[in-house]
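Here's the letter readout for the chains.
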Amino acid sequence: MQLAERKLWNANHQRLTALMQNPKGHEQAVELFLSQHAWLYVSKMADAGSANKLNTLEDELLDGVREETLRQYPVKAPDTKNSILWHLWHIARIEDMTMNVLIAGREQIFEEGDWLAKLRLACPHTGNGMTEEEAAELSTGIDIEALLDYRIEVGRRTREIVRSMEPADMKRKVPAAGIEKLRAQRAVKPEAEWLLEYWSKKTLAGLILMPATRHNFLHLNKAIRIKQRLQKQG
């Protein structure tokens, strides 16, 4: 994803924000979302026949990356010390929670598929509020192939959910029952309770615009900068 494509992604995100505020723009908003979202995953995640056959952000991240680069913790970067794997885990967990529990009112993919065991992890939460020891353990122990498979499942489910939404859904508030379900599932650490409060004040459109799109975009760009820094040094 070149600089011009990144600038276009940002411009289209602003356009998506405006379209979601207008029920008459719903179909356009859904199509634009699908395009924006596809840029944030490996190319094979997107639907067959999708126009998105370019070098996506995740394609760029994974192309030629070394395992030690993915697992390196801590990293020396101005805006994070977390590993690339932590960033991929974090964005997948947040998208899974917000799209499935808070928007669709259904179970997390994480809960349906025994992903805790597949990923070789001890924690079900978002990674917010992790201690250094916990972040190091995740970075060292997480199963990389399982993590990438989990991300693809999360991405594909998100696309199904957004396609099924009606114009009126966009302005609905996040349901309190969904917030309580995530709390009961220990999806967020007590130290990161602010995250549930943040989500509780959003509309469903607000969740689509941040966790499902811009949140991924920001973290993937951080991960790419980490890769470039580490592999240049190595």
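Since this is a predicted model, take the numbers as computed values, not measurements.

**As for the UniProt feature "domain: DinB-like" (unreviewed entry) in the chain**
Okay, step 1: Sites flagged by UniProt as "domain: DinB-like" (unreviewed entry) map to residues 60–187.
Okay, step 2: Annotated as 60% helix and 0% strand, the span residues 60–187 places its first and last C-alpha atoms 29 Å apart.

**Some details on the side chain of T213**
Okay, step 1: For T213, the location among the structural elements is in helix 12 (residues 204–233).
Okay, step 2: The buried category is assigned to T213, whose relative accessible area is 0%.
Okay, step 3: Filtering out sequence-adjacent residues up to four positions away, T213 remains in contact with W9, H13, F33, L40 and I208.

**Brief notes about empty space enclosed by the protein**
Okay, step 1: Enumeration over the complete set of coordinates arrives at 1 cavity of 30 Å³ or more.
Okay, step 2: If you add up the space inside the largest cavity, you get close to 50 Å³.
Okay, step 3: What lines the largest cavity is L19, M20, Q21, N22, P23, H26, A29, P167, M170 and K171.
Okay, step 4: When contributions to the lining of the largest cavity are tallied by element, the ones reaching two or more residues are helix 1 (3–20) and helix 2 (26–38).
Okay, step 5: In the lining of the largest cavity, the residues fall into 6 nonpolar, 3 polar and 1 charged.

**Observations concerning the pattern of salt bridges**
Okay, step 1: Under the definition given, this model contains 15 salt bridges.
Okay, step 2: For R225, the salt bridge is made with D79, and the minimal N-O distance between the two is 3.0 Å. Placement of the pair is R225 in helix 12 and D79 in the loop between helix 4 (67–71) and helix 5 (84–103), with a sequence separation of 146 residues.
Okay, step 3: Among the salt bridges present, the one from D143 reaches R120, with a minimum N-O distance of 3.1 Å.

**A short note on helix 8 (residues 132–141)**
Okay, step 1: Residues of helix 8 that are buried include every one of A135, L138 and S139, and no others. On an axial view of helix 8, the arc spanned by its buried residues comes to 95 degrees, and they lie on one face. Looking at helix 8, the residues exposed on the side facing more than 90 degrees away from the buried face are E133, E137 and T140.
Okay, step 2: Looking at the buried residues of helix 8, the elements they touch are helix 4 and helix 5.

**Comments concerning helix 11 (residues 193–200)**
Okay, step 1: Along helix 11, the positions that sit buried rather than exposed are L195, L196 and W199. Buried residues along helix 11 cover an arc of 100 degrees about the axis, so they all sit on one side.
Okay, step 2: Buried residues along helix 11 sit against helix 5, helix 10 (176–184) and helix 12.

**Side note on the packing of helix 1 against helix 12**
Okay, step 1: Running from N to C, helix 1 and helix 12 cross one another at 170 degrees; their axes reach a closest spacing of 10 Å. Taken as axis vectors, helix 1 and helix 12 run roughly antiparallel relative to one another. Contacts between helix 1 and helix 12 involve R6, W9, N10, H13, L16, T17 and M20 on the former and, on the latter, A205, I208, L209, T213, R214, F217, N221 and I224.
Okay, step 2: Here the contact of helix 1 with helix 12 is built from residues that sort into 8 nonpolar, 5 polar and 2 charged.

**Brief notes about the packing of aromatic side chains**
Okay, step 1: Under the criterion given, the structure shown has 4 aromatic pairs.
Okay, step 2: Plain terms: the ring middles of F110 and Y150 are 6.0 Å apart, the flat faces sit at 65 degrees to each other, and that makes the pair edge-to-face. One end of the pair, F110, is in helix 6 (residues 109–112); the other, Y150, is in helix 9 (residues 144–164), with 40 residues separating them in the sequence.
Okay, step 3: Of the residues examined, F110 reaches a relative accessible area of 5% and is grouped as buried.
Okay, step 4: Members of the aromatic cluster, joined through ring pairs, are W89, F110, W115 and Y150.
Okay, step 5: Positioned over the ring face of F110 is R93, at 3.9 Å from the centre of the ring.

Rules of the game
Residues numbered from 1 in each chain as written. Predicted model: local features only at pLDDT ≥ 70, side-chain atom pairs only at ≥ 80, totals over all residues. Heavy atoms only, no water. UniProt positions renumbered as here; feature names shortened; annotations may be inferred. Helix = DSSP H or I, 4+ residues; strand = E, 2+ residues; numbered from the N terminus. Buried < 20%, exposed > 50% of the residue type's maximum accessible area, 1.4 Å probe, protein only. Contact = heavy atoms within 4.5 Å. 1 Å grid on protein atoms, 1.4 Å probe; cavity = no way out; pocket = protein on both sides within 12 Å on 5 of 7 lines; lining within 4 Å. Points joined across faces, edges and corners; volume = space filled by probe spheres on them. Nonpolar A, V, L, I, M, F, W, Y, C, P; charged D, E, K, R; others polar. Salt bridge = Lys/Arg side-chain N within 4 Å of Asp/Glu carboxyl O. Arc of directions from axis to C-beta. Axes fitted to C-alpha atoms, helices over the stretch in contact; angles between N-to-C directions. Parallel < 35°, antiparallel > 145°, perpendicular 65-115°, else oblique. Phe/Tyr/Trp six-rings, centres within 6.5 Å; stacked < 30°, edge-to-face > 60°. Lys NZ or Arg CZ within 6 Å of the ring centre and 35° of its normal.

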